[in-house]
Amino acid sequence: MEKLVEIRDLVVRFRTDEGIVSAVNGISYDINVGETLGIVGESGCGKSVSSNALMRILPENGWIESGSILYHSQKGTFDVARLSPRDKRLELLHGKEIAMIFQEPMTSFCPVYTIGNQIMEAIRLHTDIPKSEQKGYAVELLRKVRIAKPEQRVDEYPYQLSGGMRQRAMIAMALASHPRLLIADEPTTSLDVTVQAQILNLMKDLQQEYGMSIMMINHNFGVIAETTDKVAVMYLGRIVEMADTAELLQNPLHPYTSDLFRSIPQVTDARGKKLEYIHGNVPDAYSIPAGCPYHPRCSRAQKGLCDRVMPQPREAAPGHTVSCHLL
Amino acid sequence: MQILRVSGLKKYFPIKKGFFNKTVGYVKAVNDIEFEINAGETVGLVGESGCGKSTTGNCIVRLLDPTEGSILYTAENGVTIDLATASREEIRPYRREIQMVFQDPYSSLNPRMSVRDLIAEPLVINKMIDKNDISDRVAQMMLRVGLRPEYMTRYAHAFSGGQRQRIGIARAISMNPRLVICDEAVSSLDVSVQGQVLGLLEDLQAEYHMSYLFVAHDLSAVRHISDRVVVMYVGKVVEIAETDELFENPKHPYTEALLASVPKLIASKNQRSETLEGEVPDPSNPPEGCFFHPRCKYATEDCKHCSQQLLPVGDDPLGHRTSCMRFAQLSLKGVK
């Protein structure tokens with residue numbers, strides 16, 4: 001399979017008042033062309049930081065400490081981690097070849113410009129469509145994301161649209177430049193289930209049509225199951241398990257993954273099925289435990305091993321890597 | 001035994017326009033609903049955003065004054081009081097018995113109060129505690145909800161979302177309530193923490209024999225915790241049933257559609273889930289007849305004149321009920 005992104009041993013750090021924090025701590029993954037990679041984990045595990053590093057939009061107090069992010073653009077391959085902030089090639093990442101949609105579609109739009117205006121801005125920046133045709137193209141994009149009456153909606157302001165419609169408009173804006181990678185950071189978390197199902201179907205259809213890769217950042221395993229080919233489970237800045245989605249769901253090998261499965265109520269479970277919830281909290285990033293980061297909460301942790309030695313990723317089955325001593 | 005019976009409840013919010021603030025219409029947030037809560041049971045209240053779930057909860061604790069209808073509450077001392085029409089003075093003795101846990105543990109706790117003050121506040125206001133006992137009682141409550149009593153003097157900002165939600169729960173149960181309205185109590189929490197808080201709510205219920213009204217949009221959590229489920233759509237109750245019955249054998253097309261849209265672990269990328277098209281209608285201007293008919297794939301001409309009364313599915317008038325007049329002709333799919 002043709003590779004689009006290759007991330008190797010990426011470490012991202014942040015300087016905070018309490019000290020220096022490694023939000024992402026040596027992660028490696030690939031995104032292939034036309035494939036959907038899911039990244040799951042709880043808040044603070046570094047899901048979004050890794051995608052922000054890939055787009056080089058880390059906040060001012062964050063930096064890439066080490067590792068490489070090879071991006072195979074249409075204009076050649078380069079290491080995103082080594083680009084200077086003024087490099088022209090960054091423009092490729094910012095909306096041209098990589099587009100991003102966010103969790104909160106209300107705050108991601110500017111409230112004082114019409115939807116059409118904001119989509120036309122993306123068209124103006126990333127395509128060479130002449131000015132006279134830009135509005136028509138914006139309407140066409142809105143139609144593509146199945147917004148009813150796009151000719152009318154294009155002149156409306158974000159507050160006039162419902163949450164689901166705003167997320168559709170957001171996707172329309174992302175599609176303006178025919179991106180090769182769409183980063184979807186919790187795109188449906190704030191939406192109702194019925195709207196969520198519509199948006200997920202829309203994303204799947206558009207992926208086929210545009211042949212783009214999708215990076216689906218989410219904490220809902222159901223959404224991951226329905227949309228991804230491959231999935232990486234993150235815990236405290238590390239990838240603890242990575243496999244094809246079907247394989248991971250049927251055969252979770254890392255204790256964190258299987259504990260998480262057992263702690264989430266499923267709509268298909270009969271009433272009263274006992275949940276085996278994970279004890280304790282995710283440790284904060286300032287006091288990451290020694291050894292395996294999950295060992296204080298792990299029921300199978302072995303003294304003298306798990307609390308001392310950091311497990312390295314191992315291939316348990318072809319394409320299924322796990323970082324756990326107990327395999 | 002029923003402890004709460006809601007019937008004909010309406011809550012309309014006026015839409016005001018123009019210089020003279022003329023009322024030009026009403027948002028019918030809750031539009032003639034009925035359901036009941038029995039002692040010691042958990043009733044799940046589900047529906048999409050804007051369907052009136054939270055408004056219903058707020059009417060029961062009288063954070064909002066209902067427009068019409070009755071909320072009959074049978075108190076611990078056997079007195080039945082209509083919470084919809086009673087005055088503040090009349091409700092006061094029973095306030096303690098109905099408590100609420102809110103969705104957002106960040107904005108529902110006063111940042112200027114320590115955990116000790118937060119948990120003791122309802123006890124002090126209701127004069128249920130002697131000043132000297134406060135620390136002991138608070139420590140006991142903190143232990144009960146899984147917090148360490150050493151942190152009593154800390155402020156809310158020092159706690160994580162899950163811990164804050166535990167503080168909120170401690171505040172509610174410190175009053176020994178009989179009914180707790182949990183308004184999206186786990187929605188803003190991380191997945192592993194959601195499981196913990198659901199487990200805590202179940203343990204507390206077993207210990208204190210409280211009833212819960214569990215308002216949520218997450219159907220998986222609702223199925224897990226509820227004994228019975230009430231489904232709402234645009235201010236109306238469309239279906240009520242025992243949990244497993246509702247999920248496995250829904251009798252309203254809206255319930256079926258809602259269940260079909262939940263992402264499931266067994267799904268794969270190549271499947272498209274069945275979706276409900278269109279948008280939720282505007283509650284100030286709902287469609288004629290059944291509010292769901294414009295989006296319903298089973299709708300017929302008759303549905304435009306449906307009165308949306310709840311009809312019993314079986315013989316029991318308080319058992320499985322649906323507002324779909326065509327339920328007998330339809331064979332709807334649930335989730336197993």
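See the structure above.
Fair warning: this is a prediction, and the values are worked out from it, not measured in the lab.

Q: Which parts of the structure should I look at to understand the overall build of chain B?
A: What chain B contains, in helices and strands, is nine helices and 12 strands. The C-alpha radius of gyration of chain B comes to 21 Å, within 12% of the 20 Å expected for a compact globule of 336 residues. Taking the principal axes of the C-alpha coordinates as reference, chain B spans close to 70 × 55 × 50 Å. Taken across its 336 residues, chain B has 57% of its residues classed as buried.

Q: Explain the overall build of chain A here, please?
A: The number of helices and strands found in chain A is 11 helices and 12 strands. By the compact-globule yardstick of 20 Å for 327 residues, chain A fits well, its C-alpha radius of gyration being 21 Å. In terms of principal-axis extent, the alpha carbons of chain A reach across some 70 × 50 × 45 Å. Within chain A, the proportion of its 327 residues that are buried is 57%. Sequence-distant contacts in chain A: of pairs separated by 6 or more residues, those separated by 24 or more amount to 64%. One way to put it: in chain A the 35 positive side-chain charges average out to a point 1 Å from where the 38 negative ones average out.

Q: Looking at this structure, I do not really get the pairing of strand β4 (residues 62-73) of chain A. What am I missing?
A: Two faces belong to every sheet, and in a regular strand the side chains alternate between them. Residues and elements named next belong to chain A. In this sheet, β4 lies alongside strand β1 (residues 3-16) in antiparallel orientation, the contact comprising eight bridges. Looking at β4, one finds that Ile-7 is bridged to Ile-69. Here four bridges tie β4 to strand β5 (residues 76-79), and the two strands are oriented antiparallel to one another. Its bridge partner lying in β5, Ser-73 is registered against Gly-76. Between β4 and β5, which follow one another and run antiparallel, lie two residues.

Q: Hey, could you run me through a negative patch on the surface in this one?
A: Together, B:Glu242, B:Glu245, B:Asp315 and B:Asp316 line one region of the surface with negative charge. Since its relative accessible area comes to 55%, B:Glu242 is described here as exposed.

Q: Sorry, what's going on with the packing of aromatic side chains here?
A: The geometry of two aromatic rings is summed up by the distance between their centres and the angle between their planes. Residue and element names in this part refer to chain A. One pass over the structure, following the stated rule, counts 11 aromatic pairs over all chains. Here Tyr-235 and Tyr-256 contribute two aromatic rings whose centre-to-centre distance is 4.5 Å and whose plane-to-plane angle is 50 degrees, an arrangement assigned as tilted. Of this pair, Tyr-235 sits in strand β9 (residues 230-235) while Tyr-256 sits in helix α11 (residues 255-263), and the two are 21 residues apart along the sequence. The pair Tyr-235 / Tyr-256 is uniform in exposure class, with both members buried. Geometrically, the ring pair formed by Tyr-256 and Tyr-294 is edge-to-face, given 5.1 Å between the ring centres and 65 degrees between the ring planes. Highlighted residues: Tyr-256 in helix α11 and Tyr-294 in the loop between α11 and β11 (314-317), separated in sequence by 38 residues. Residue classification places Tyr-256 among the buried residues on the basis of a relative accessible area of 0%. One aromatic cluster in this structure is built from Tyr-235, Tyr-256 and Tyr-294.

Q: Can you help me understand the pairing of β11(A) in this one?
A: As defined by bridge partners, β11(A) adjoins strand β12 (residues 320-322) of chain A across three bridges and the pair is classed as antiparallel. By the bridge assignment for β12(A), A:Glu315 is matched with A:Thr321.

Q: I would appreciate a short explanation of the interface of chain A and chain B in the present structure.
A: Often, the extent of an interface is quoted as the loss of accessible area on bringing the components together. Opposite the 50 residues of chain A that make contact, chain B presents 47 residues. When chain A packs against chain B, close to 4,000 Å² is buried across both sides, 51% of that on carbon and sulfur atoms. It is A:Glu226, A:Val267 and A:Arg271 in chain A that bury the most area against chain B; as a group they hold 20% of the surface buried on that side. Across the contact surface, chain A and chain B share two salt bridges. Where B:Lys269 meets A:Asp229, a salt bridge forms, and the shortest distance between an N and an O atom there is 3.1 Å. On inspection of chain A and its partner chain B, the count reaches 20 residue pairs in polar contact (both at pLDDT 80 or more). Mapped onto the side of chain A that touches chain B, the elements with two or more residues apiece are α8 (193-210), α9 (221-227) and α11 of chain A.

Q: Explain the sheet that holds strand β9 (residues 228-233) of chain B here, please?
A: The pairing of strands in a sheet happens through backbone hydrogen bonds and is either parallel or antiparallel. Residue and element names in this part refer to chain B. With mixed pairing, the eight strands of this open sheet are ordered in space as β6-β7-β8-β3-β9-β10-β12-β11. Of all the strands in the sheet, the pair left with one neighbour each is β6 (98-101) and β11 (311-312). Sheet topology places strand β3 (residues 42-46) next to β9; four bridges connect them, and they run parallel. Across the sheet, Gly-44 pairs through a bridge with Val-229, a residue of β9. Against the sheet, helix α9 (residues 253-261) makes contact with β9 and β10 (236-242), and its axis sits at roughly 100 degrees relative to β9, the strand it touches most.

Q: Please explain the sheet that holds strand β2 (residues 22-38) of chain B as it appears in this structure.
A: Residue and element names in this part refer to chain B. Taking strand neighbours across the sheet as the criterion, the four strands line up as β2-β1-β4-β5 in an open arrangement whose pairing is antiparallel. With one partner strand each, in any of the chains shown, β2 and β5 (80-82) form the two edges of the open sheet. Between one strand and the next, the sheet's axes are offset by a mean angle of 25 degrees, whatever the strand orientation. Relative to β5, strand β4 (residues 68-74) runs antiparallel, the two being bridged by three bridges. Of the residues in β5, the one forming a bridge with Leu-72 is Asp-82. Against the sheet, helix α1 (residues 53-60) engages β1 (2-17), β2 and β4, with an angle of about 115 degrees to β1.

Q: Can you walk me through the environment of B:Asp117 in this structure?
A: Along the polypeptide, B:Asp117 turns up in helix α3 (residues 115-125). Taking the C-alpha atoms as reference points, B:Asp117 and B:Ile134, 17 residues apart in sequence, are found 9.0 Å from one another.

Q: I would appreciate a short explanation of the nonpolar core in the present structure.
A: Soluble globular proteins tend to bury their nonpolar side chains together. Residues B:Ile169 and B:Phe214 are the most contacted members of the largest nonpolar core, which totals 68 residues. Per-element accounting of this core gives the leading share, six residues, to helix α6 (residues 191-208) of chain B. Once you skip the residues sitting within four places of it in the chain, B:Phe214 turns out to touch B:Thr42, B:Val43, B:Gly44, B:Leu45, B:Cys182, B:Val186, B:Leu198, B:Leu201, B:Ala221, B:Val222 and B:Ile225. Of all hydrophobic cores here, the second largest spans 60 residues; its members include A:Val139, A:Ala174, A:Leu236 and A:Cys292.

Cut-offs used in this document
Residues numbered from 1 in each chain as written. Chains lettered and ligands numbered in written order. Predicted model: local features only at pLDDT ≥ 70, side-chain atom pairs only at ≥ 80, totals over all residues. Heavy atoms only, no water. Helix = DSSP H or I, 4+ residues; strand = E, 2+ residues; numbered from the N terminus. Rg over C-alpha atoms; globule rule 2.2 N^0.38 Å. Buried < 20%, exposed > 50% of the residue type's maximum accessible area, 1.4 Å probe, protein only. Contact = heavy atoms within 4.5 Å. Lys, Arg positive; Asp, Glu negative; His and termini not counted. Charge placed at Lys NZ, Arg CZ, Asp CG, Glu CD. Pairing = 2+ DSSP bridges. Patch = residues over 30% accessible without salt bridge, like charges linked within 9 Å, V, L, I, M, F, W, Y side chains within 5 Å. Areas by Shrake-Rupley, 256 points an atom, 1.4 Å probe, with all protein chains shown as cover. Salt bridge = Lys/Arg side-chain N within 4 Å of Asp/Glu carboxyl O. Phe/Tyr/Trp six-rings, centres within 6.5 Å; stacked < 30°, edge-to-face > 60°. Buried area = accessible area lost by both parts, 1.4 Å probe. Polar contact = N/O pair within 3.5 Å; in protein donor to acceptor, adjacent residues only side chain to side chain. Axes fitted to C-alpha atoms, helices over the stretch in contact; angles between N-to-C directions. Core = buried A, V, L, I, M, F, W, Y, C linked by side-chain atoms within 4.5 Å.

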